[in-house]
Amino acid sequence: MLLGGSISLPFLKFNKSSSIEKAEQDRGQALSESMHSNWSEWPDMPWVGPAFWGNRLQDWRLIDGNVECAVTASNRSLYSLTHQLDRYKGDFKISVQVNLSKGLGSRNGYVGFRIGAKAKDDPCPVTFEDYRRAAIYGEGLDAGISSDGRLMIGEEKSNRSVATNSAIHLQLKGEAVARAYRLVLTAFDTAGGKRLDRLTVQEIPPGNVAGNIALVSHFPSEGGASGTPSARFSDWRISGTKISGNPDQTYGPVLFSQYTLNQGVLKVTAQLAPMETISGHGISFQIREGKSWKTLRETTVHPLARTAHFRFEKWSYDRDIPYRLRVELPLKSGTNEYFYKGTIAADPVGEDRLKAAVFSCNQEHGFPDTEVVKNVAKHRPHMAMFLGDQFYESFGGFGVERSHNLEMATLDYLRKWYQFGWSYRDIFRDIPSVFIPDDHDVFHGNIWGEGGKAADVSQGFGSESQDSGGYKMLPEWVDMVQRTQTSHLPDPYDPTPVKQDIGVYYTDWIYGGISFAIIEDRKFKTAPANVLPV
């Protein structure tokens with residue numbers, strides 16, 4: 001299993017108001033659950049595992065059993081999804097081994113921990129509203145070691161410097177003292193265990209130690225991000241009576257799935273994390289038959305889009321069919337299994353009314369859009385339609401990766417696409433869905449596709465480029481976007497690619513006795529500047 005360590009169920013031994021006692025009773029016994037990263041189990045890959053979320057996706061990778069922050073840049077963070085600091089009084093300990101890259105002494109920055117992270121606009125900042133929002137937009141208290149070797153907790157720094165040219169074991173302890181917390185940060189030499197330095201800060205408000213926990217690499221620079229890795233981390237551990245653990249809060253390796261059923265043809269696209277380099281991996285589509293699961297098909301992951309595709313020509317079921325996507329990942333100590341469950345709904349051809357949940361222009365302000373998902377479920381729609389701008393370039397911060405490095409640009413897109421799915425996957429988990437990419441889905445403010453030609457980016461990627469007509473991003477990248485959003489649609493009416501060999505997806509879809517036209521007009525429109533007089 002990914003998560004290691006022991007689980008105990010101690011009662012909290014301090015005075016509580018009646019409201020807190022009731023909250024704890026509702027919550028059940030307070031859990032003290034430890035976490036161990038276990039990254040040595042995983043092969044090298046551009047994904048850190050299902051229990052973590054990296055900002056940005058392309059900035060964190062597994063190498064030789066370590067997690068490397070692949071850039072030297074501002075505010076890079078790697079959050080634990082399964083373990084948080086809860087609002088109850090207790091103690092905690094967080095530790096990690098860190099190797100700083102050489103040559104960082106001239107950079108003003110630090111690596112270490114972020115604790116109590118919450119979104120700035122969280123409506124309930126003490127308890128934090130949702131771990132997902134905090135994992136992307138969280139701000140908290142940072143503690144670690146600076147590039148010049150000084151320990152730091154927030155604005156406080158130690159008076160001495162320790163050598164940073166070898167591995168250092170960082171340990172942060174939080175201890176409840178009266179109505180506040182004392183934080184103790186200690187640096188040890190990993191070779192001999194010798195204590196190198198210690199920094200203690202008193203009177204930390206309890207609200208500052210409730211929220212998400214992350215590793216952080218922060219090296220601000222006027223020159224922007226550097227492609228030089230900042231540090232490697234290993235053996236990350238979290239424990240204590242203040243730690244709340246929930247193994248159901250993982251995300252991946254199957255992130256979500258989409259499907260359509262059209263005249264007996266079922267097409268399913270599974271969106272996966274970047275785990276395609278794991279040798280011997282497999283993904284299968286299974287349906288529930290009685291008390292057991294039957295495998296209908298097996299496949300592997302597309303190396304760029306990180307999707308898996310299933311097609312069934314004669315889907316004749318006239319009832320809802322439970323399905324699951326099963327992923328096998330051979331790791332060093334054995335093969336791990338992961339599952340993602342949903343339902344293939346029966347075609348509602350006999351219904352008096354057909355209900356569709358329709359979405360477009362999804363901004364990030366409400367992420368993770370919990371109230372939208374809950375309220376849509378109350379209407380029990382038969383289908384979901386996402387008609388463009390599933391996300392915007394601003395999603396998750398950091399702008400967009402516009403370089404012609406195909407892999408980096410793809411990971412940047414996937415980060416935003418994964419964030420979208422984190423919000424809405426429970427809407428289209430059990431009903432068919434239609435997706436149509438619009439301009440922002442392909443990193444345009446407006447798009448005039450002109451039959452798939454390449455836009456003129458010689459002067460940059462601004463409005464002049466997009467108004468020249470065509471696509472600014474690489475054609476392989478555009479196809480990757482379409483694969484993630486439209487490969488589950490019914491087969492294209494005419495699959496002939498357009499310019500640059502970019503694929504098409506326009507088609508019709510018959511569901512519930514109604515024929516729908518799926519139109520991709522943007523791809524064929526001409527830029528006004530090319531046809532109108534100046």
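The structure we're discussing is the one just above.
Residues numbered from 1 in each chain as written. Predicted model: local features only at pLDDT ≥ 70, side-chain atom pairs only at ≥ 80, totals over all residues. Heavy atoms only, no water.

Draft legend 1. Representation of the overall build of the protein chain within the structure. Regarding its fold elements, the protein chain presents six helices and 30 strands. For 534 residues, the compact-globule formula gives about 24 Å, and the C-alpha radius of gyration of the protein chain, at 25 Å, lands near that figure. Considering the protein chain as a whole, with its 534 residues, one finds that 55% of them fall into the buried category. Entry remark: accessible area of the protein chain is about 23,000 Å², with carbon and sulfur atoms responsible for 48%. Looking at charge distribution, the protein chain has the averaged site of its 59 positive side-chain charges lying 6 Å from that of its 63 negative ones. (Helix = DSSP H or I, 4+ residues; strand = E, 2+ residues; numbered from the N terminus. Rg over C-alpha atoms; globule rule 2.2 N^0.38 Å. Buried < 20%, exposed > 50% of the residue type's maximum accessible area, 1.4 Å probe, protein only. Areas by Shrake-Rupley, 256 points an atom, 1.4 Å probe, with all protein chains shown as cover. Lys, Arg positive; Asp, Glu negative; His and termini not counted. Charge placed at Lys NZ, Arg CZ, Asp CG, Glu CD.)

Draft legend 2. Geometry of the packing of helix α4 (residues 406–428) against helix α6 (residues 475–486). At a minimum axis separation of 10 Å, α4 and α6 run at an interaxial angle of 30°. Here α4 is positioned roughly parallel relative to α6, judged by the angle of their axes. The element α4 and its partner α6 pack so that their crossing is right-handed. Listed contacts from α6 to L406, A409, T410, Y413, L414 and W417 of α4 are E476, W477, M480, V481, T484 and Q485. Of the residues assigned to the contact of α4 with α6, the class counts are eight nonpolar, three polar and one charged. (Axes fitted to C-alpha atoms, helices over the stretch in contact; angles between N-to-C directions. Parallel < 35°, antiparallel > 145°, perpendicular 65-115°, else oblique. Left-handed = near helix turned anticlockwise from the far one by under 90°. Contact = heavy atoms within 4.5 Å. Nonpolar A, V, L, I, M, F, W, Y, C, P; charged D, E, K, R; others polar.)

Draft legend 3. Inspection of α6 at higher detail. The end-to-end C-alpha distance of α6, which contains 12 residues, comes to 16 Å, matching closely the 16 Å that a straight helix rising 1.5 Å per residue would cover. Of all the residues in α6, the buried ones are P475, W477, V478, M480, V481, Q482, T484, Q485 and T486. If you follow the buried residues of α6, they end up packed against β19 (254–262), β20 (265–272), β23 (307–312), α4 and β28 (433–435). (Expected span 1.5 Å × (residues − 1).)

Draft legend 4. Quick peek at the pattern of salt bridges. All told, the structure shown has 25 salt bridges when counted by the stated rule. A salt bridge links R232 to E68; its shortest N-O distance comes to 2.9 Å. Placement of the pair is R232 in strand β17 (residues 231–239) and E68 in strand β6 (residues 66–69), with a sequence separation of 164 residues. In this structure R232 comes out as partly exposed when scored by relative accessible area, which is 26%. For K294, the salt bridge is made with E289, and the minimal N-O distance between the two is 4.0 Å. (Salt bridge = Lys/Arg side-chain N within 4 Å of Asp/Glu carboxyl O.)

Draft legend 5. Local environment of the sheet that holds strand β27 (residues 383–386). Pairing in this open sheet of three strands is parallel, and the strands run β26-β27-β28 from one edge to the other. Because the sheet does not close on itself, it has two edges, and the strands there are β26 (356–359) and β28. Looking at each pair of strands side by side, their axes are set apart by 10° on average, direction ignored. (Pairing = 2+ DSSP bridges.)

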